[in-house]
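If you want the building blocks of each chain, they are given just below.
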Amino acid sequence: MNRHILLLIGILSATTLFAQGPPITTETPIMLGLEGNGIRTFGKFISKENVNIYVQPIVIPYNITPKFQVGAVFPFKFITPENSKTTGGFADLTVFAKYQLYKIDGKAKTFRILGLVRQTFPTGSTSSNPAIGSGLSQTYVGVVLGKLTTKAGLYGDLGYNITNKNASDNFVYNFSVGVPLLPHKYPQKQLNTYLEFNGNYVFDPKIHTLFISPGLQFIPGRRILFETSLQIPIVQDNNTTNRTNYMVLLGTRFLLN
Amino acid sequence: MKTFNSRMGLIPLTLLLIVFSFLKTEANAIQIEKKDNSAYIKIWVDGMACPFCAYGLEKKIKKIEGAGDLFIEINEGFISFSVPINKVPTTETLQKIVKEAGFFARKIEFSKEAFKHEINE
């Protein structure tokens with residue numbers, strides 16, 4: 001495993017650098033402006049020890065001002081326990097708001113910091129077995145930051161997720177490095193690679209998980225992109241039988257005319 | 001609550017239809033040639049480092065009456081376009097357009113001649 005990770009980092013480091021698109025499993029600090037409305041969706045297959053899960057969220061952001069974005073995530077979830085029938089349906093709805101706290105722009109480069117608040121509602125069914133929803137209200141407060149130049153993109157987000165009832169709060173952190181593989185012009189075909197790290201620390205019981213997530217992104221034109229990411233656990237210190245083997249994401253984003 | 005197969009089949013199919021409808025509108029070549037009744041505008045845009053993020057600016061520029069010959073160069077950080085000579089927007093209007101797209105207009109040039117673009121690839 002470690003040899004593969006080092007090899008991947010080596011390939012990314014040796015690649016000629018150009019500008020790129022938004023990261024795949026990390027939040028982006030680049031909002032699309034008043035006219036840049038778009039939709040994101042992806043299918044995520046999660047392989048766990050005793051269950052397979054397929055999640056299909058549809059993310060719709062809307063810019064109220066160039067600095068302020070609101071949006072909603074409409075997730076559909078399908079769970080297939082080992083030796084059992086699949087159940088699925090609409091999962092927990094999330095609404096979010098992003099506000100640009102800081103921005104410094106230069107020629108073909110930018111550095112931005114956003115505040116991010118997410119509220120998740122327990123809309124998913126908990127009466128089914130297994131449950132589609134968490135049955136919890138969750139409030140996430142965090143920051144998103146990123147530096148983007150024509151040479152590379154560095155992104156990060158971190159935040160605290162507050163849950164109600166007796167569930168534990170958790171700390172979420174993500175980091176991403178983006179490296180384009182093709183020279184860029186506009187509109188253009190772009191092929192971008194990402195190396196991302198996705199961490200989650202649950203406080204009670206103490207469970208730390210960290211995934212390494214290499215990804216590819218193809219942008220065939222000015223209004224659409226396709227992306228895929230493989231998420232492999234490198235830290236997973238829970239002793240339950242609920243360990244994740246891997247996750248695969250395949251998705252698209254398109255900008256509305 | 002429905003079974004896996006019935007809903008799983010519908011979601012990807014719907015998404016694919018949406019995606020391909022978008023792909024069909026993508027092929028636009030940019031050609032810039034001198035027109036007698038046109039003025040040319042070049043805006044040096046700070047913060048435009050992400051090609052996928054530049055579409056919002058393109059959309060807003062295209063809403064300027066008569067705007068055409070749009071050209072965006074990410075590496076050099078500028079956007080240029082033509083407008084009818086009697087409908088040239090003010091500097092303030094252009095600055096506002098760029099700001100609303102999430103960027104900053106560092107410098108704006110007006111010309112009666114089409115700009116020559118040297119693209120660094």
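1. Considerations on the confidence of the model for chain B
Residues and elements named next belong to chain B.
Piece 1. Across chain B, the average pLDDT comes to 78, with 68% of residues at or above 70.
Piece 2. Throughout residues 19–31 the model reports pLDDT below 50, and contacts reaching past four residues in sequence, or to other chains, amount to 23 contacts.
Piece 3. The ipTM assigned to the predicted complex is 0.77, against a pTM of 0.82.

2. A closer look at the confidence of the model for chain A
Piece 1. Looking at chain A, the pLDDT average stands at 89 and 90% of residues meet or exceed 70.
Piece 2. Segment residues 1–19 of chain A is flagged for pLDDT under 50; beyond a separation of four residues in sequence, or across chains, it makes 33 contacts in the model.

3. Focus on the environment of A:Lys77
Residues and elements named next belong to chain A.
Piece 1. With respect to the helices, strands and loops of the structure, Lys77 is situated in strand S3 (residues 68–81).
Piece 2. For the pair Lys77 and Gly199, spaced 122 residues apart in sequence, the C-alpha separation works out to 22 Å.
Piece 3. With sequence-adjacent residues up to four places away left out, Lys77 is seen in contact with Ile53, Tyr54, Val55, Thr87, Gly88, Gly89, Ala91 and Ile132.

4. With respect to the packing of helix H2 (residues 55–62) of chain B against helix H3 (residues 91–100) of chain B
Residues and elements named next belong to chain B.
Piece 1. One can describe the packing of H2 onto H3 by two numbers: an axis separation of 9 Å at closest approach and a directional angle of 145°. Crossing angle aside, the handedness with which H2 passes H3 is right-handed. Contacts between H2 and H3 involve Leu57, Lys60 and Ile61 from the first element and Ile97, Val98 and Glu100 from the second.

5. As for the packing of aromatic side chains
Piece 1. Applying the stated criterion across every chain, the model contains 10 aromatic pairs over all chains.
Piece 2. Ring geometry for B:Trp44 versus B:Phe78: centroids 5.2 Å apart, planes at 65°, classification edge-to-face. With B:Trp44 in strand S1 (residues 38–46) and B:Phe78 in strand S3 (residues 78–84), this pair connects stretches of sequence that are 34 residues apart.
Piece 3. Judged by relative accessible area, B:Trp44 falls into the buried class, the value being 16%.
Piece 4. Judged by its relative accessible area of 3%, B:Phe78 falls in the buried class.
Piece 5. An aromatic cluster is built from A:Tyr160, A:Tyr201 and A:Phe203, whose rings are joined through pairwise contacts.
Piece 6. Seen from the ring of A:Tyr140, A:Arg118 lies directly overhead, with NZ or CZ sitting 4.2 Å from the centre.

6. Some thoughts on the sheet that holds S3(B)
Residues and elements named next belong to chain B.
Piece 1. Here 4 strands make up an open sheet; going across it, the order is S2-S3-S1-S4 and the pairing antiparallel. Either end of the sheet is taken by a strand with one partner, and the two such strands are strand S2 (68–73) and strand S4 (104–111). Averaged over neighbouring strand pairs, the angle between their axes works out to 15° when direction is ignored.
Piece 2. One ladder, built from 4 bridges, connects S2 with S3; its direction is antiparallel. Residue pairing for S3: Glu73 is matched across the bridge by Phe78.
Piece 3. Contacts from H2 reach S1, S2 and S3 within the one sheet, and its direction differs from that of S2 by about 160°.
Piece 4. Each of S1, S3 and S4 touches H3; the most contacted strand, S4, lies at about 140° to it.

7. Regarding the nonpolar core
Piece 1. Grouped together as the largest cluster of nonpolar side chains are 39 residues, with contacts concentrated most on B:Ile43, B:Leu57, B:Ile61 and B:Phe81.
Piece 2. Only strand S13 (244–255) of chain A together with S1, H2, S2, S3, H3 and S4 of chain B provide two or more residues apiece to this core.
Piece 3. A total of 4 residues in this core trace back to one element, the largest contributor, which is S1(B).
Piece 4. Not counting residues up to four positions away in its chain, the partners in contact with B:Ile61 are B:Ile43, B:Ala67, B:Leu70, B:Ile79, B:Phe81 and B:Ile97.

8. Side note on a nonpolar patch on the surface
Residue and element names in this part refer to chain A.
Piece 1. The grouping of Tyr99, Leu101, Tyr102, Ile104, Val143, Leu145 and Leu158 at the surface amounts to a nonpolar patch, some 610 Å² of accessible area in total.
Piece 2. Sort the elements by how many residues they give to the nonpolar patch and strand S5 (residues 94–106) lands first, with 4 residues.
Piece 3. Along the chain, Leu101 turns up in strand S5.

9. Observations regarding the side chain of A:Thr41
Residue and element names in this part refer to chain A.
Piece 1. Relative to the elements of secondary structure, Thr41 occurs in strand S1 (residues 38–48).
Piece 2. With a relative accessible area of 2%, Thr41 lands in the buried category.
Piece 3. Polar contacts involving the side chain of Thr41 include one to the side chain of Gln56, which spans 2.8 Å.

10. Structural notes on the environment of B:Ser111
All names here are of chain B.
Piece 1. Inspection of the secondary structure assignment puts Ser111 in strand S4.
Piece 2. Between the C-alpha atoms of Ser111 and Ala54, which are 57 residues apart in sequence, the distance is 23 Å.
Piece 3. With residues up to four places along the chain from it excluded, the contact list for Ser111 reads Ala39 and Tyr40.
Piece 4. Reaching out from Ser111, the side chain makes a polar contact with the backbone oxygen of Glu113 at a distance of 2.8 Å.

11. Considerations on unusual backbone geometry
Piece 1. Residues A:Asn129 and A:Pro130 are joined by a peptide bond in cis, for which omega reads 5°.
Piece 2. Mapped onto the secondary structure, A:Pro130 falls in the loop between strand S6 (109–120) and strand S7 (138–148).
Piece 3. In this structure, A:Lys165 takes a positive phi of about 55° despite not being glycine.
Piece 4. In this structure, A:Lys165 sits in the loop between strand S8 (153–163) and strand S9 (170–180).
Piece 5. Positive phi outside glycine occurs at B:Asp69, with the angle close to 50°.
Piece 6. Its location among the elements puts B:Asp69 in strand S2.

About the criteria used
Residues numbered from 1 in each chain as written. Chains lettered and ligands numbered in written order. Predicted model: local features only at pLDDT ≥ 70, side-chain atom pairs only at ≥ 80, totals over all residues. Heavy atoms only, no water. pLDDT = per-residue confidence, 0-100. Contact = heavy atoms within 4.5 Å. Helix = DSSP H or I, 4+ residues; strand = E, 2+ residues; numbered from the N terminus. Axes fitted to C-alpha atoms, helices over the stretch in contact; angles between N-to-C directions. Left-handed = near helix turned anticlockwise from the far one by under 90°. Phe/Tyr/Trp six-rings, centres within 6.5 Å; stacked < 30°, edge-to-face > 60°. Buried < 20%, exposed > 50% of the residue type's maximum accessible area, 1.4 Å probe, protein only. Lys NZ or Arg CZ within 6 Å of the ring centre and 35° of its normal. Pairing = 2+ DSSP bridges. Core = buried A, V, L, I, M, F, W, Y, C linked by side-chain atoms within 4.5 Å. Patch = residues over 30% accessible without salt bridge, like charges linked within 9 Å, V, L, I, M, F, W, Y side chains within 5 Å. Areas by Shrake-Rupley, 256 points an atom, 1.4 Å probe, with all protein chains shown as cover. Salt bridge = Lys/Arg side-chain N within 4 Å of Asp/Glu carboxyl O. Polar contact = N/O pair within 3.5 Å; in protein donor to acceptor, adjacent residues only side chain to side chain.

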